[in-house]
Structures are given as structure tokens and as C-alpha cells.
Amino acid sequence: MSQVLSKSPKHCGDKQGVNVDKLYKKLFYSFSTLILSILSLIFLVWLILHPSKPEFSLQEVNLYQLNLSGTHLLNSSIQLTLLSKNPNQKVGIYYDELQAYASYKGQQITVDTSLPPFYQGHEERNILTASLVGTGLPVASSFGYEVGRDQTAGKLVLSLKMNGRLRWKVGTWVSGRYRFNVNCVSIMDFGPTIPSGPLSSKQGTQCSTTV
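A quick note: this is a predicted structure, and the numbers were derived from the prediction, not measured. The numbers attached to residues start from 1 for each chain and follow its sequence in the written order. The predicted origin of the model limits local features to residues at a pLDDT of at least 70 and limits the giving and counting of side-chain atom pairs to 80 or more, whereas totals for whole chains, interfaces and linings rest on all residues. The basis for every side-chain value is the complete set of heavy atoms in the structure, and neither hydrogens nor water enter the calculation.

Trainee: How would you explain the packing of aromatic side chains if you had to name every residue and give the values?
Mentor: How two aromatic rings sit relative to each other is given by the distance of their centres and the angle of their planes. Pairing of aromatic side chains here covers Phe, Tyr and the six-membered ring of Trp, requires ring centres within 6.5 Å, and sorts the geometry by plane angle: under 30 degrees stacked, over 60 edge-to-face, intermediate tilted. One pass over the structure, following the stated rule, counts 6 aromatic pairs. Between Phe56 and Tyr95, the aromatic rings sit 6.4 Å apart at their centres with planes inclined by 70°, giving edge-to-face as the arrangement. Here the residue Phe56 occupies a position in strand E1 (residues 55-69), and Tyr95 occupies one in strand E3 (residues 92-104), the gap between them amounting to 39 residues. No difference in accessibility class separates Phe56 from Tyr95, as the two residues are buried. When the centroid spacing of 5.8 Å and the interplanar angle of 70° are considered together, the rings of Tyr95 and Phe180 count as edge-to-face. Here the residue Tyr95 occupies a position in strand E3, and Phe180 occupies one in strand E10 (residues 178-189), the gap between them amounting to 85 residues. Overall, the relative accessible area of 0% leaves Phe180 in the buried class. Put simply, the rings of Phe56, Tyr95, Phe118 and Phe180 touch in pairs and so form one group of aromatic residues. The rule for a charge over a ring is simple: NZ of Lys or CZ of Arg within 6 Å of the ring centre, and within 35 degrees of the ring normal. For Arg167, the ring lying beneath its charged end belongs to Tyr94, and the centroid distance is 4.8 Å. A run of H or I in DSSP counts as a helix once it spans at least four residues, and a run of E counts as a strand once it spans at least two, with each numbered from the N terminus. Think of it in three bands: residues with accessible area under 20% of the maximum for their type are buried, residues over 50% are exposed, and the middle band is partly exposed, with areas taken using a 1.4 Å probe on protein chains only.

Here's what the structure looks like:
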């Protein structure tokens with residue numbers, strides 16, 4: 001008598017469960033491999049094209065006015081010239097926002113002045129100029145004393161600051177916006193024997209930049 005062999009529904013269910021598990025594992029490994037490949041590619045591009053931050057140097061500063069009206073209201077006028085350099089060979093820079101101002105002894109002595117946005121190509125240099133002014137700006141009561149002390153010492157130290165947002169450009173790809181800050185220090189001869197006219201500094205000193 002012949003025997004008929006058949007598989008129970010339980011055995012069929014077990015086999016289907018194993019196949020589904022294998023499919024899920026294959027999908028998981030494929031997805032993980034894809035994600036790892038993308039991350040590795042991004043990391044490799046970052047290593048190759050990691051942009052260096054822009055460089056700024058102070059070219060010229062002319063101080064035309066720094067006078068107190070009343071006891072603690074300041075009027076100021078400063079002409080600023082900066083040299084901007086993109087040190088990257090393969091990365092361009094979009095400067096979307098630029099604002100400059102001057103400070104003295106930790107006090108802001110001009111209002112924020114906006115500079116026009118621009119694009120800076122590979123290893124390109126640009127001259128930036130700004131007229132910084134302040135009218136009736138409140139300052140500390142010790143401001144006049146500090147200026148008088150610096151006049152006696154013969155040196156006036158100003159901080160010229162700039163901040164804004166930039167974007168990196170590699171080929172046709174453009175990054176998101178990054179905030180940057182620039183800080184420059186100008187030292188001017190200042191004293192009773194200095195001839196009349198604007199105080200000037202033409203040191204060409206390097207500024208500090210953070211991105």
C-alpha cells in the first residue's frame with residue numbers, strides 16, 4: 001500500500017516565517033549598507049573640501065570724530081577699510097549679511113552699518129569699506145576719563161568688528177548659512193602733540209575670524 005506524504009500547516013507556517021525573517025534581514029542589511037555608504041561619501045567630501053574660514057586684515061582706519069555731547073552722549077565718525085580673502089582653492093563664499101561697528105573699552109561707539117552682500121571666488125581678495133557713525137549714543141560716565149587717560153598715554157585703541165552670515169559653494173552645491181564674526185584691533189597715535197585732523201592707522205594687521 002502506497003503512502004502519501006504531506007506537510008502539516010504548522011510546518012508550512014514555520015517555513016514562511018523563516019522566509020519573512022530572511023527578507024527583513026536582507027532589507028535591514030541593504031538599508032544599513034546604503035546609509036553607511038552615504039555617510040562615508042559625505043565624510044570623504046568633507047575631508048577633501050573642508051573649507052578654511054575667510055581671512056580679514058585691517059588696511060586703514062580714519063577717526064574723524066569722537067566727542068561727548070553732555071555727560072554721556074557720544075558722537076563718532078570712523079572710516080574703515082578691510083581686505084577680505086578667500087583662502088580656499090575649490091570653495092567659493094557667498095556673504096549674505098554683513099554688519100560692521102566700532103567699540104572702545106568694551107562700549108559700542110557707532111551704530112551697526114550694513115555692507116552690500118557679495119560673492120567671493122576661489123582665492124579671491126576684496127576690499128571692503130564702511131563709514132561707521134554714531135549720533136547721541138549713550139556711553140558710560142567714565143568714557144571721557146578713559147579717552148583723556150589714553151591721550152596722556154599717547155595711544156588710542158579701537159576694536160573694529162564685523163559679523164554676518166555666509167554660505168560655502170562647491171561646484172553647483174551651496175551650503176546652508178553659517179554665522180561668522182570678525183574682530184580687528186587698531187592702535188592710533190593720540191596725544192596733545194598730535195597734529196589736528198583725523199587720527200589714522202594703516203597697520204595692515206590680521207583680524208581674528210570665527211565661523
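Trainee: Give a detailed account of a nonpolar patch on the surface, specifying residues and quantitative values.
Mentor: Patch definition: residues above 30% relative accessible area lacking any salt bridge, with like charges linked at up to 9 Å and the nonpolar side chains Val, Leu, Ile, Met, Phe, Trp and Tyr linked at up to 5 Å. Reported accessibility uses the Shrake-Rupley method at a 1.4 Å probe radius. Residues are deemed covered only where the shown protein chains occlude them. Salt bridge, as applied in this entry: a Lys or Arg side-chain nitrogen positioned within 4 Å of an Asp or Glu carboxyl oxygen. Together, Phe31, Leu34, Ile35, Ile38 and Leu39 line one region of the surface with nonpolar side chains, adding up to about 480 Å² of accessible area. Along the chain, the position of Leu39 falls in helix H1 (residues 9-49).

Trainee: Run through the state of the cysteines, naming residues and quoting values.
Mentor: In protein chemistry, a disulfide is the covalent bond that joins the sulfur atoms of two cysteines. Cysteine sulfur atoms are paired as a disulfide whenever they fall within 2.5 Å. In total, this model carries 1 disulfide according to the counting rule given. Shown here is the disulfide that connects Cys184 with Cys207, its sulfur atoms set 2.0 Å apart. In this structure the cystine formed by Cys184 and Cys207 twists about its S-S bond by roughly 105°; its chirality is therefore right-handed. One end of the pair, Cys184, is in strand E10; the other, Cys207, is in the loop between strand E11 (199-201) and strand E12 (208-210), with 23 residues separating them in the sequence. Since its relative accessible area comes to 1%, Cys184 is described here as buried.

Trainee: Give a description of the pairing of strand E2 (residues 73-85) that names residues and reports values.
Mentor: When DSSP locates at least two bridges between a pair of strands, those strands are taken to pair. For E1 and E2, the ladder comprises 13 bridges, and the chain directions are antiparallel. Within E2, the residue paired with Asn62 across the bridge is Gln79. Connecting E1 to the next strand, E2, in antiparallel fashion are 3 residues, including Gly70 with a positive phi near 80°. As judged from the 12 bridges shared by E2 and strand E7 (residues 125-138), these two strands associate in the antiparallel manner. Along E7, the bridge assignment pairs Thr81 with Thr129.

Trainee: Before we move on, can you summarise the sheet that holds E1 with the specific residues and values?
Mentor: An order of E7-E2-E1-E11 is seen for the 4 strands of this open sheet, with the pairing classed as antiparallel. Looking along the sheet, the strands with just one partner apiece sit at the ends: E7 and E11. Strand-to-strand twist in this sheet, taken as the mean axis angle between neighbours without regard to direction, amounts to 10°. A fitted line through C-alpha atoms represents every axis, and for helices the fit uses only the stretch in contact; the resulting angles, taken between N-to-C directions, go from 0 to 180 degrees.

Trainee: An account of the side chain of Ser175 is requested, with residue identities and associated values reported.
Mentor: Position of Ser175 among the secondary structure elements: in the loop between strand E9 (173-174) and E10. Looking at Ser175, the relative accessible area reads 8%, which means it is buried. When near neighbours in sequence (up to four residues on either side) are disregarded, Ser175 contacts Arg167 and Trp168. The contact rule is simple, with two residues in contact once any of their heavy atoms fall within 4.5 Å.

Trainee: For helix H2 (residues 143-153), give the residues involved together with the corresponding values.
Mentor: Every buried residue of H2 is listed here: Phe143, Glu146, Val147 and Asp150. Relative to the axis of H2, the buried residues are bounded by an arc of 95° and lie together on one face. With respect to the buried face of H2, the exposed residues turned more than 90 degrees away are Tyr145 and Thr152. Of the surrounding elements, those touching the buried residues of H2 are E1, E2, E3, strand E4 (107-108) and strand E8 (155-170). Think of the arc as the fan of directions from the helix axis to the C-beta atoms.

Trainee: Lay out the environment of Thr205 with the relevant residues and their values.
Mentor: Locating Thr205 in the fold gives a position in the loop between E11 and E12. Thr205 sits in the partly exposed class, given a relative accessible area of 27%. The residues contacting Thr205, other than those within four sequence positions of it, are Ser57, Leu58 and Val185.

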